[in-house]
Amino acid sequence: MIVITAPTSTIGRRLVADLLDRGAPLRLVVRDPSRLEAGVRERVEIVQGSHGDAAVVDRACAGAEAVFWLAPGDGAAPSAEAAFVGFSRPACAAFARHGVRRVVGVSALGRGTPMAEHAGLVTASLAMDDLIASSGVAYRAVVCPSFMHNLLRQVRAIREQGVFSLMADADLKVPTVATQDIAASAARLLLDDTWTGAGEVACLGPEDLSPTDMARIVGEVLGTEVGYRQITGAALKERLTGFGTTEAMAQATVDMFEAKNKGMDNAAPRTPESATPTTFRQWCAEVLRPAVTG
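Residues numbered from 1 in each chain as written. Predicted model: local features only at pLDDT ≥ 70, side-chain atom pairs only at ≥ 80, totals over all residues. Heavy atoms only, no water.

Caption draft 1: Here's a closer look at the pairing of strand E4 (residues 66-69). Covered by surrounding structure in E4 are Ala66 and Phe68 together with Val67 and Trp69, the residues of both alternating faces. The pairing of strand E1 (residues 2-5) with E4 spans three bridges and is classified as parallel. If you follow Val3 over to E4, its bridge partner there is Val67. Sheet topology note: the E4/strand E5 (residues 102-108) ladder contains four bridges and is parallel. What sits directly across from Phe68, in E5, is Val104. (Buried < 20%, exposed > 50% of the residue type's maximum accessible area, 1.4 Å probe, protein only. Helix = DSSP H or I, 4+ residues; strand = E, 2+ residues; numbered from the N terminus. Pairing = 2+ DSSP bridges.)

Caption draft 2: Examining the packing of helix H8 (residues 233-242) against helix H9 (residues 247-261) more closely. For the pair H8 and H9, the least separation of the axes is 9 Å and the interaxial angle reads 145 degrees. Handedness of the crossing formed by H8 with H9: right-handed. Touching Gly233, Leu236, Lys237, Leu240 and Thr241 of H8 are Glu247, Ala250, Gln251, Thr253, Val254 and Phe257, all from H9. Considered class by class, the residues forming the contact of H8 with H9 number five nonpolar, four polar and two charged. (Axes fitted to C-alpha atoms, helices over the stretch in contact; angles between N-to-C directions. Left-handed = near helix turned anticlockwise from the far one by under 90°. Contact = heavy atoms within 4.5 Å. Nonpolar A, V, L, I, M, F, W, Y, C, P; charged D, E, K, R; others polar.)

Caption draft 3: Focus on the sheet that holds strand E6 (residues 138-144). The sheet built from seven strands is open, its strands ordered E3-E2-E1-E4-E5-E6-E10 with parallel pairing. Either end of the sheet is taken by a strand with one partner, and the two such strands are strand E3 (45-48) and strand E10 (198-202). The mean angle between the axes of side-by-side strands here comes to 20 degrees, regardless of whether they run parallel or antiparallel.

Right, dumping it as structure tokens:
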């Protein structure tokens, strides 16, 4: 039995579909089962509730061989540590109590870099990895740069203003990854019962691009001019708190992007194993263009 947390998330939906296609028995931990894809509910076991709840995650882990772990990074959390480490603590106890053999989690690049200790959300995510590994389970953190999918938050600005804005340095070339490729990597690890110990598996996409490169590609795919505007940390923090993000989580997000601007995501070398297949241009054509034009 494989337990999937956050099965209605962007990564979780793809992962559930991939594993069901391969005939894997799944147990999904979900707050609202009605949000699952059509036809999924009849093919899986469901444990309703939050995977941060000790009783819920305990029920989910009973008899499980493997678990996919995705902390939600709740913007309403009082701190980044609470959002990642505190949220994951009940699950770690359940992993040990029920003898779960393997856990695969989604985390961030940055381990071993000078920036990692002061990188906000990334620092908390790496601490979460350490906590899970300390539970005694075999653990693999699928470590990622920024997701291509994050650009969907700027569909309206792209459509109406022909621009998107980030905190990233305009000309800094960095890796980005498609969530479908993260799901594919997680599926492979969950189905492989030969690995042991703790470690990381990087998903770096096929190429490094700057925000300026991305704006050019978005414009070419959409057939219109699209520009990039870099915003300050103060402006990003104001935007996030305006959406209801707590002060601490907003600052942790700013700290993360400051670390990325110092090259944190460039430290991991791209290898045949870490180079995932989906290009940014392909993602724009398949995902962003329908969102903008629709």
